[in-house]
Amino acid sequence: MKVTFKVYRYNPETDDKPHYEKYELELKDDGVLLDALNQIKWEIDGSLSYRRSCRHGICGSCAVKLNGKNVLACKTSIKEAVEMFGSTLIVEPLTKNKEKVIKDLVIDKKDFWDKNAKVKPYLIAEIDEHPESENLIKPALLELIEEADYCIACGCCYYTCESIRANKDFLGPQALAKTYRFTADVRDQAKKERLELVDKLGIGIWDCVKCQGCIEVCPKGVDPFTKITHLHNQVFEEGVAKRNVATKHAEGFVHSIKKHGILDEGMLVLYSEGANVVRHMPEAISMFMKGKIKLPWQMPKSEGLDEIQKLIEISQTHELKD
Amino acid sequence: MKYALYTGCTAKESTPELLKSTLAVAKVLGIEIEILNEASCCGASHLQDFDEFLSLVLNARNICLAEKRGLKLVTLCNTCQLMLENTKQKLDSDEEVKAKVNEKLAEVGYKYTGESKIQHFLYAILEDVGLEEISKHVKKPLNLKVAPFYGCHIIRPSKTHDGANLNENPFKPNAIESLIKVLLGEPVDYAMKTKCCGFHVDLQNTPVSEKLTASALIDASESGAEMMVTPCPLCHLNLDVKQKAAAKEANKEFNMPVLHLPQLIGLAFGIEPKELGLHHHVTPVEV
C-alpha cells in the first residue's frame, strides 16, 4: 500500500517557522502509524523526532494528530486511516502552539500534567501497610469506575478539548475523568474533598462546552464527557454544588419543564443569572425586534403538560433548591 | 412519506424561522409532517447534569410519542438529536435501565419499545428523499460560496449517532457539502466547520463562548464564505444573534449571514424569503 505522509517539522532552535515534509512510503496492510514514523526515521530521515515507548497502547507516549484527529500512533491502523482520510495522511503534534512544540511531533505536556496533579490522581484512604488480602469490592461497584480506570493520560482528549482551546484554566477532560475515577471508588475516602476541589478550581467542572470531542478521540474508550456529567450529578448529591450560574442553569431546566413542558428560554436565563441578566439586554432587544422572543403571555405550553409534570414528580432524583 | 417532528423548544421560540422553513421545504419534498406538540424539552444537554434519570425518563416519553404513531422521529436541533439518541442507546442496551424507565412511563400510559428511528432532518432527507430527488426541485441555483457549520452534537460522538447520521466521518463530514453542491452552491472548506460554537457555556463563561463563535466566523470569512449554514439552531443563535458580541471579543468586524439548513434548501427551491423567515435574522440576509 502506497501512502503519502505530510509530517509537521519544526525545530525551534534552528527554524523560523514550522513546515511540512512529504514522505512516500510503501507499507504493509497490517501496519500502524508508528511503523510509518519508524520507517521514516530509520530509513529516510533520522532527524525526525517523536515519542514512542510501549508500542501496545498502554503508555500513551506516541499520541499525535492524524488529519485533525488525536490518536495513538501505535494503535492506528494505516489501512483504516487511509479508508477514513484518503491516501495522504497529515501527521502533526497534539498541539501546534509554537511555545509547546519541543521538536517536530514532541510537545511539552507540562500544562496537562500540572492539571492531572491538581486533582490528586491517587487513592486517598487509610491503608493497612501489611494487608493479608486484597481490598476487594463488588463487581457492580467496580463497573462504576471501570471505563475511567482505563485512562492512560495520553493527552488525546485534553489537546482536542474545545474548552481548553478558549480557556487555558479549564481542568480539561482527562483530569476530570481521573477525578471521577476516585469519586466513584468506594475505597476512596476523599469524595467530598475531591468534589469541592473540582467545583472550585476556576469554574471547575462547569466550563465543559459539551462538544463531545473527548469521547471521539479517546483511544481507550474512557468517555470523559460522561464522567464530567457524573461529577455534576455528584456535586448535587453530596450537597457541595455552589449556587452559581451553571448550577442554577442545570436545575432551572426542571423548573421550566415543570411549568411549560418545554423550555421558557427567557425565564431560564433570568433564573440562572438573576440581576446580571441585564447584560443580555442589547441582544434581547435585537431579538425582540426580529420576532425571536416570546413574551410571558405568548409562551407556548406542551400539550402533554399533565403527563410531563407527573413524570417529573415520580422520577426526579435530586431536590430543587427553590 | 411522513415524519413525527420533534421541533425542540428553540424552533417554537427564538428561531421560529427554523420551523417555518422546515415545513415549507418538507411540503416541496412531499413529506407529511406531524408535529409532536405533546413533547417535552429534551434537557438540552444540561438537565442530565442535575438529574440523569429524569432526563432519561422525559426523553423516553418523547421517543414514545413517535413510536405510538409508528413514525420516524425527526429532529431539527443537534442537541435534541444527541439527547434523544443517547436515551435510545441507553435504553436499547441496558434492560435494567429500560425496565426502570418503563416503570415510570407506565404511570402515564406509555411503554418504550425502541422501534422508532431518530434522525436529524438533514440526514432524514438524505436517506429518504436523496440528493438526486432534491436536485430536481432546484429552481434558483445558489451560486454562492457557502460555509457549512456542522455543530458538535450532530457528528459527535460518532458511536452514539451510529447509523442515524449515515456513518458520517466526524473529522471529514460531507452531508452539508453534498447538499450545497446539489443546490448549485459552492461549499467552502475551513478548519472550524466541525468545531464548537460555545453555546453551552454562553451563560457561565461568556468570553469562552464568544471566542469559539468568533473563531468560526473568522475562519469562514477568511476562507471566502459569503454565507454560513448550520443544521443546529443553537449554533445559529451564537453565530447570528451573538455575531456582534463575538466581533467585539475578537476585535474584528463580521457581516456574515447564517442560515438554517432548511432556509438554504428553500432558497434554492425558489421559496419566498418571507416564507423561510429570513426577516427573523439579527444579522441581515440579503438574497
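Below is a short write-up of the structure.

Quick notes on the rules
- Residues numbered from 1 in each chain as written.
- Chains lettered and ligands numbered in written order.
- Predicted model: local features only at pLDDT ≥ 70, side-chain atom pairs only at ≥ 80, totals over all residues.
- Heavy atoms only, no water.
- Helix = DSSP H or I, 4+ residues; strand = E, 2+ residues; numbered from the N terminus.
- Buried < 20%, exposed > 50% of the residue type's maximum accessible area, 1.4 Å probe, protein only.
- Contact = heavy atoms within 4.5 Å.
- Areas by Shrake-Rupley, 256 points an atom, 1.4 Å probe, with all protein chains shown as cover.
- 1 Å grid on protein atoms, 1.4 Å probe; cavity = no way out; pocket = protein on both sides within 12 Å on 5 of 7 lines; lining within 4 Å.
- Points joined across faces, edges and corners; volume = space filled by probe spheres on them.
- Nonpolar A, V, L, I, M, F, W, Y, C, P; charged D, E, K, R; others polar.
- Pairing = 2+ DSSP bridges.
- Core = buried A, V, L, I, M, F, W, Y, C linked by side-chain atoms within 4.5 Å.
- Phe/Tyr/Trp six-rings, centres within 6.5 Å; stacked < 30°, edge-to-face > 60°.
- Lys NZ or Arg CZ within 6 Å of the ring centre and 35° of its normal.
- Salt bridge = Lys/Arg side-chain N within 4 Å of Asp/Glu carboxyl O.
- Polar contact = N/O pair within 3.5 Å; in protein donor to acceptor, adjacent residues only side chain to side chain.

### Digging into the overall build of chain A
Point 1. For chain A, the count of helices and strands is 13 helices and 7 strands.
Point 2. For chain A, the spread of C-alpha atoms along the principal axes amounts to about 70 × 65 × 35 Å.
Point 3. The buried share among the 322 residues of chain A stands at 52%.
Point 4. Of the contacts made within chain A by residues no fewer than 6 positions apart, 65% connect residues no fewer than 24 positions apart.
Point 5. Carbon and sulfur atoms form 52% of the exposed surface of chain A, whose accessible area is close to 15,600 Å².

### Here's the deal with the layout of surface pockets
Point 1. Estimates place the volume of the largest pocket at around 1,600 Å³.
Point 2. Lining the largest pocket are 41 residues, and of these Thr226 and His230 of chain A together with Glu52, Lys90 and Asp94 of chain B sit closest to its centre.
Point 3. Counting only elements with at least two residues in the lining of the largest pocket, the list comes to helix H4 (139-149), helix H6 (173-183) and helix H9 (224-237) of chain A together with helix H3 (52-69), helix H4 (78-93), helix H5 (95-106) and helix H8 (158-161) of chain B.
Point 4. Top contributing element to the lining of the largest pocket by residue count: H9 of chain A, with 8 residues.
Point 5. Class assignment for the residues of the lining of the largest pocket results in 13 nonpolar, 15 polar and 13 charged.

### With respect to the pairing of strand S3 (residues 63-66) of chain A
Residue and element names in this part refer to chain A.
Point 1. Burial along S3 is two-sided: Ala63 and Lys65 facing one way and Val64 and Leu66 facing the other are all buried.
Point 2. Strand direction decides the pairing type here: S3 and strand S4 (residues 69-72), joined by 4 bridges, are antiparallel. Paired with Ala63 across the two strands is Leu72, which belongs to S4.
Point 3. Hairpin connection, S3 to S4: the antiparallel pair is bridged by 2 residues, and Asn67 has positive phi, about 45°.
Point 4. Here 2 bridges tie S3 to strand S5 (residues 88-92), and the two strands are oriented antiparallel to one another.

### Focus on the nonpolar core
Point 1. In this structure, Phe5, Leu33 and Val91 of chain A together with Leu105 and Met228 of chain B are the most contacted members of the largest nonpolar core, which totals 133 residues.
Point 2. The dominant element in this core, judged by the number of residues it contributes, is H3 of chain B, at 10 residues.
Point 3. One finds Leu19, Tyr123, Val182 and Leu259 of chain B within the second-largest nonpolar core, a separate group that totals 45 residues.

### With respect to the packing of aromatic side chains
Aromatic rings considered in pairs are described by the distance between their centres and by the relative angle of their planes.
Residues and elements named next belong to chain A.
Point 1. Counting across every chain of the model gives 7 aromatic pairs over all chains.
Point 2. Relative to Tyr159, the ring of Tyr158 lies with its centre 4.8 Å away and its plane at 80°, an arrangement referred to as edge-to-face. Comparing Tyr158 with Tyr159, the two get one shared label, buried.
Point 3. Of the aromatic side chains, those joined through ring pairs into one cluster are Phe112, Trp113, Tyr158 and Tyr159.
Point 4. Arg181 extends its terminal NZ or CZ atom over the ring of Phe182, reaching a point 4.6 Å from the ring centre.

### Considering the pattern of salt bridges
Point 1. Within the structure shown, the criterion is met by 39 salt bridges over all chains.
Point 2. Among the ionic pairs, Asp114 of chain A bridges to Lys110 of chain A, the shortest N-O distance being 2.7 Å. With Asp114 of chain A and Lys110 of chain A both in helix H3 (residues 110-118) and 4 residues apart, this pair spans about one turn of that helix.
Point 3. In this structure, the salt-bridge partner of Glu95 of chain B is Lys98 of chain B, at a minimum N-O distance of 3.7 Å. Taken together, the positions of Glu95 of chain B and Lys98 of chain B, both in helix H5 and 3 residues apart, correspond to about one turn of that helix.
Point 4. Judged by relative accessible area, which is 56%, Glu95 of chain B ranks as exposed.
Point 5. Salt bridges here are not isolated pairs; linked through shared partners, they connect Lys2, Glu32, Glu34, Glu38 and Arg69 of chain B.

### Quick look at the environment of Tyr158 of chain A
Residues and elements named next belong to chain A.
Point 1. Following the sequence through the fold, Tyr158 ends up in the loop between H4 and helix H5 (162-166).
Point 2. By relative accessible area, which is 2% here, Tyr158 ends up buried.
Point 3. When the C-alpha positions of Tyr158 and Thr95 are compared, they lie 10.0 Å apart, and in sequence the two are 63 residues distant.
Point 4. Not counting residues up to four positions away in its chain, the partners in contact with Tyr158 are Asp111, Phe112, Lys115, Ile164, Leu171, Gly172 and Pro173.
Point 5. Polar contacts involving the side chain of Tyr158 include one to the side chain of Asp111, which spans 3.3 Å.

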